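Per-entry structural report
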Amino acid sequence: MNRQASVSRKTKETQIDISFDIDGSGKADISTGIPFLDHMLTAFTVHGFFDLEITAKGDLDVDYHHTVEDTGLVLGQALSKALENKKRLVRFGDNCVPMDEALSRVTIDLSNRPYLVYNFPDDLRVKGRFDIFLAKEFFQAFCVQGALNLHINSYYGVNEHHVLESIFKALGRSLHEATRIDKGIFGDLSSKGTL
């Protein structure tokens, strides 16, 4: 089964090109112009055992927002395209990942019912241009275009980098789990008969 996709999107604000292989080996070649986002997406790729290539150019002189959101949007489209056939999918993924003082859990349902739940510690120290709120824009775009129910719960942590890294790693692990094929499942894993 070939579960890979390439998607491009060009607007007046961004040009995003993504190649995504669900059944990869953790190879990342990512260049968004935002080093911290590159770092997070590399962690997602390595811990999800995907192969991911991203080239993104955006109006970074204005803000990171357009590039971050559009990268999430196109990655979600690539996921959806790669999973056109959801037969025999495990469908659910749930992983908890620590990063020093931070602990985050990501739970996924590849249900075709996009919804984001996003909780993070109240005492988090926000310090960079790429912050916890900007990350939410990425996750929102990813879950809507990827048609997944995405629950992100960071239980605790003070360092924003550690919290975000634990989230992206948990996302990779949970998505890897949810996209596995189970030969004991026939058709779509749904009491309705279809997702």
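In this report, we go over the structure that sits alongside the text. All of these numbers come straight from a predicted model, not from anything done at the bench. (Residues numbered from 1 in each chain as written. Predicted model: local features only at pLDDT ≥ 70, side-chain atom pairs only at ≥ 80, totals over all residues. Heavy atoms only, no water.)

**Here's the deal with the overall build of the protein**
Here is the rule we go by: What counts as a helix is a DSSP run of H or I of at least four residues, what counts as a strand is a run of E of at least two, and both are numbered from the N terminus. As a reference, a globule follows 2.2 Å times the number of residues to the power 0.38, and the radius of gyration itself is taken over C-alpha atoms. For every residue, the accessible area (1.4 Å probe, protein chains only) is compared with the maximum for its type, and the residue is labelled buried under 20%, exposed over 50%, or partly exposed between those bounds. Contacts are assigned to residue pairs that have any heavy atoms within 4.5 Å of one another. Reported accessibility uses the Shrake-Rupley method at a 1.4 Å probe radius. Residues are deemed covered only where the shown protein chains occlude them. Under this rule, positive means Lys or Arg and negative means Asp or Glu; His and the chain ends count for nothing. A charged residue contributes its charge at one atom only: NZ of Lys, CZ of Arg, CG of Asp or CD of Glu.
The helix and strand inventory of the protein stands at four helices and eight strands. Taken over C-alpha atoms, the radius of gyration comes to 16 Å for the protein, in line with the 16 Å a tight globule of 195 residues would show. When each of the 195 residues of the protein is scored for burial, the buried share is 50%. For the protein, restricting intrachain contacts to residue pairs at least 6 apart in sequence, the fraction spanning at least 24 positions comes to 77%. Total accessible area on the protein is roughly 9,100 Å²; 48% of this is exposed by carbon and sulfur atoms. Separation between the mean location of the 22 positive side-chain charges and that of the 27 negative ones in the protein comes to 7 Å.

**Some thoughts on the packing of aromatic side chains**
Note the cut-off: A pair of Phe, Tyr and Trp rings is counted when the ring centres sit within 6.5 Å of each other, with Trp represented by its six-membered ring. The angle between the planes then sorts it: under 30 degrees is stacked, over 60 is edge-to-face, the rest tilted. Either the NZ atom of lysine or the CZ atom of arginine qualifies as a charge over a ring when it sits within 6 Å of the ring centre and within 35 degrees of the ring normal.
Applying the stated criterion across every chain yields a total of 11 aromatic pairs. Judged by centre distance (5.4 Å) and plane angle (85°), the ring pair of Phe120 and Phe133 falls under edge-to-face. Here Phe133 lies in helix H3 (residues 132-146) and Phe120 lies in the loop between strand E7 (115-119) and H3, a separation of 13 residues in the sequence. Take Phe120: its relative accessible area is 24%, and that puts it in the partly exposed class. A relative accessible area of 47% means that Phe133 is categorised as partly exposed. Taking NZ or CZ as reference, Arg129 lies 3.9 Å from the ring centre of Tyr64, over its face.

**With respect to the pattern of salt bridges**
Charged atoms that come close allow side chains of opposite charge to pair. The following threshold applies: The term salt bridge refers to a side-chain nitrogen of Lys or Arg lying within 4 Å of a carboxyl oxygen of Asp or Glu.
Under the defined criterion, the tally for this structure stands at six salt bridges. Between Asp70 and Arg9 there is a salt bridge, with its nearest N and O atoms 3.0 Å apart. Taken as a pair, Asp70 in helix H2 (residues 65-82) and Arg9 in strand E1 (residues 4-10) lie far apart in primary sequence, 61 residues in all. Given the relative accessible area of 6%, Asp70 is considered buried. Here Arg180 ties to Asp23 by a salt bridge, and the two come within 3.4 Å at their closest N and O atoms. Remark: Asp23 occurs in the loop between strand E2 (14-21) and strand E3 (27-31) and Arg180 occurs in the segment after helix H4 (160-178); sequence separation between them is 157 residues. Classification of Arg180 as partly exposed rests on a relative accessible area of 24%. For Asp23, a relative accessible area of 35% gives the class partly exposed. Here the salt bridges share partners, and the residues they tie into one network are Arg3, Asp23 and Arg180.

Shape is all these values report; function is a separate question.
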